[in-house]
There are 2 protein chains.
Amino acid sequence: MRDVAILGIGMTKFGELWDHSFREIGIEAGFQALVDGKLGSHDLGGLYLGNMASGAFLEQEHIAPLILDYAGLAGHHLPAIRVEAGGASGAMALHEGYLAVASGAYDFVVVGGAEKMTDVSDTEAARIVDATADTEWELVFGATLPSLWAMVARKHMHEYGTRREDLAALPVHDHQMASKNPLAHFRNKVTLDQVVNSGMVADPLGLLDCAPLSDGAAAVLLGPLEGARKYTDTPVKIAASQVACDTMALHHRRDLTTMDSTVFAGKRAFSQARRKPSDVQVAEIDDAYSIGGLVALEDLGFVAKGEGGVAMRDGRFFGKGPTQINTSGGLKAQGRPFGAVGVAQVVELVRQLRGEAKERQVAGAQVGLAHNVGGTGATSVVTVLERMN
Amino acid sequence: MRDVAILGIGMTKFGELWDHSFREIGIEAGFQALVDGKLGSHDLGGLYLGNMASGAFLEQEHIAPLILDYAGLAGHHLPAIRVEAGGASGAMALHEGYLAVASGAYDFVVVGGAEKMTDVSDTEAARIVDATADTEWELVFGATLPSLWAMVARKHMHEYGTRREDLAALPVHDHQMASKNPLAHFRNKVTLDQVVNSGMVADPLGLLDCAPLSDGAAAVLLGPLEGARKYTDTPVKIAASQVACDTMALHHRRDLTTMDSTVFAGKRAFSQARRKPSDVQVAEIDDAYSIGGLVALEDLGFVAKGEGGVAMRDGRFFGKGPTQINTSGGLKAQGRPFGAVGVAQVVELVRQLRGEAKERQVAGAQVGLAHNVGGTGATSVVTVLERMN
């Protein structure tokens, strides 16, 4: 397999984009990535598109050729391929785009992630989103994504003495970072008190522990690392892209507080990249639910199992330790257009590794890690990026 | 890229499988492929799953880990990846599985295709299926998949003197072949008169010109060609796997009677395989609508543009020429569980190339071709297979 680099990035504003259609945001992010990577469309080899549920949200399937078409590229007769993995659809599309370039089958591909979620009612959207858990064995009995994650939180609190406030620390950090991110869905800061006392969704998780439903798109341009400097001054190498799956239903896991999909994807990714957690300066961690971010840090080996709560309390990942997380604002505050999230995480890491993150810049960032989850951890995708000096 | 072979095949009955759930049929086909390829599950590297619209049909997204889980394989923490490309979802999943093995990232993967379409009303199913065309620019104005294909048929009749009976010849052949296929949805034979006089769907297409909505699943086991004989006596090489896309909406095409996605995918596939149409003894052609099969034969170069009608009339692809098509019964009679179709085509070709197709066997088959379409040709996937002697 040849080495693969990220040559360009693009991203729309995340939020309630009622004046932009799905095809518009998909095209906007994709073109930005092409322009940023200085690639003419005639050199493009294909499009990979991560999207969770365009069928349910928009009554439109088969959306990869749709985006390519309305970008004016139908005449090139390129391959356009949609990938779905619940909330991890974006990172999974990146995995597939990475393999396509690594294999040598394609030279340059755009990997996009896009989701339009706010054109239906919140109730309907919640129903659609919940369908990434096990419909027949979880949803039928009344479970929802937040209620399942709430069980993980309760168990973690019981098992390790994690406090309600420890969960709340991550959303506070996320909003703090998003206040510096012009593309973020939420740019307001929130306090620990506000998170702890936010309207209850599923005990102990309040509204401010849960990422929003957002519209938005993000894209990256991939190409062979060899020759990458023709397109960018700062190629970012995909040092690892790894996927692992687990049981669909939470009740089938060996341990409610451990996402084995993250454990395995993480181990494989660190092994492929020949890195360890302490080598990572910037990480985008899937914090769709505050507890999810906390256990992910444990499962990825950034902190020992059970110590996630203390680490949050101490702000160890908020600027005080070797690894800083969610400089974008995370899913919680940058926003959560499901299929776009995994790509947006990588866009933020590329900004950081290039030194273009402005107010959010982590000094000397060389290695970045992105972690994206589907369902309650039935899928995890871990990507490791490395700045090429 | 290393060479990739098909080591095992599996397939459920196609039809109205009201007593089997989506997860059951997915697992059945996958396990058959593993057993046929003599691969222990501990050696499996991952699962690719083609599926069009499980969200709309079953209120279940994120289905690739679901199938892996209920197959009892969650403990291996393998990657499980869903691919969607409308009616071409199955062939697209095969493309992705092929790239994954060719790249060297994975050694052995199961590629499955599955769809469960008969648990909703026919009206609802038609609505879901139509969403593989352009919702905003076609469906909103009352178009449906059959009505769009009917326009292609009318134009072809006008342009080239193709007759109504020429369209009907393919369904007659399909039912003839399916009568010998125990897994087919329809096993009854039909006459030219019956097709021509079948209830009108969209002039000139009658009910018997249109493939049914089916439930079903198919799977293949892929691995490196090198060493393939450890798993099978007759490895079948994937000599080419190519994807091309076109405009979503039919009215944007340069010519209504030419699917450029098929033209480009076909040319690239013959070039990759270093073959030409006359080298192909068996082909599975996407005949979701009779006219679709007819123009595909032209667009793939099996017959000159405009001569598809005459070729059908003469039975040139029904046993009288060098290439025989749709020995499975095609989408029309073997059945059309959307996401499974592209994989099922390849399963039939492998049976033929191995010499295991029994009553349907084409003598001396060495090279096979599968052609799978999404929407009205926004996506085409062409796969060329070759028996390794």
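Structure's up top.
Described in the following lines is the structure provided in the data block.

Parameters and conventions
Residues numbered from 1 in each chain as written. Chains lettered and ligands numbered in written order. Predicted model: local features only at pLDDT ≥ 70, side-chain atom pairs only at ≥ 80, totals over all residues. Least-squares fit on C-alpha atoms with pLDDT ≥ 70 in both. Contact = placed C-beta atoms within 7 Å. Buried ≥ 20, exposed ≤ 12 C-beta atoms within 10 Å, placed from the backbone. Helix = DSSP H or I, 4+ residues; strand = E, 2+ residues; numbered from the N terminus. Pairing = 2+ DSSP bridges.

### Focus: the relation of the copies chain A and chain B
Under the fitted operation, chain A is carried onto chain B by 0.0 Å of movement along the axis and a turn of 180 degrees, and the coordinates agree to an RMSD of 0.0 Å. On this basis, the relationship between the two copies can be described by a two-fold rotation axis. The rotation axis passes nearest to the C-alpha of A:Ser103 in chain A, at a distance of 2.0 Å. With an isologous cut-off of 70% or more, the 100% of interface residues of chain A that recur at the interface of chain B puts this contact in the isologous class.

### What about helix α3 (residues 63–73) of chain A?
Side chains that are three or four residues apart share a direction in an α-helix, a result of its 3.6 residues per turn. Across the 11 residues that make up α3(A), a large majority, 10, are buried. Listed as buried for α3(A) are A:Ile63, A:Ala64, A:Pro65, A:Leu66, A:Ile67, A:Leu68, A:Asp69, A:Tyr70, A:Ala71 and A:Leu73.

### Focus: the interface of chain A and chain B
Listed by partner, the interface residues are 51 residues for chain A and 51 residues for chain B. Taken together, the elements giving at least two residues each to the side of chain A that touches chain B come down to α2 (54–58), α3, β3 (80–84), α4 (89–103), β8 (236–245) and α9 (260–273) of chain A. Top contributing element to the side of chain A that touches chain B by residue count: α4(A), with 6 residues. The sheet contact formed by β3(A) and strand β3 (residues 80–84) of chain B spans 3 bridges and is antiparallel. Bridge pairing in β3(B) places A:Glu84 opposite B:Arg82.

### Observations regarding the pairing of strand β2 (residues 46–50) of chain B
Residue and element names in this part refer to chain B. In terms of burial, β2 is largely enclosed, as 5 of its 5 residues are buried. Where burial is concerned, the two faces of β2 agree: the one with Gly46, Tyr48 and Gly50 and the one with Leu47 and Leu49 are both buried. Bridge analysis of β2 against strand β4 (residues 109–115) gives 5 bridges, and the strand direction is parallel. Within the sheet, the bridge partner assigned to Gly50 lies in β4 and is Gly113.

By themselves, these are just geometric observations and shouldn't be taken as functional.
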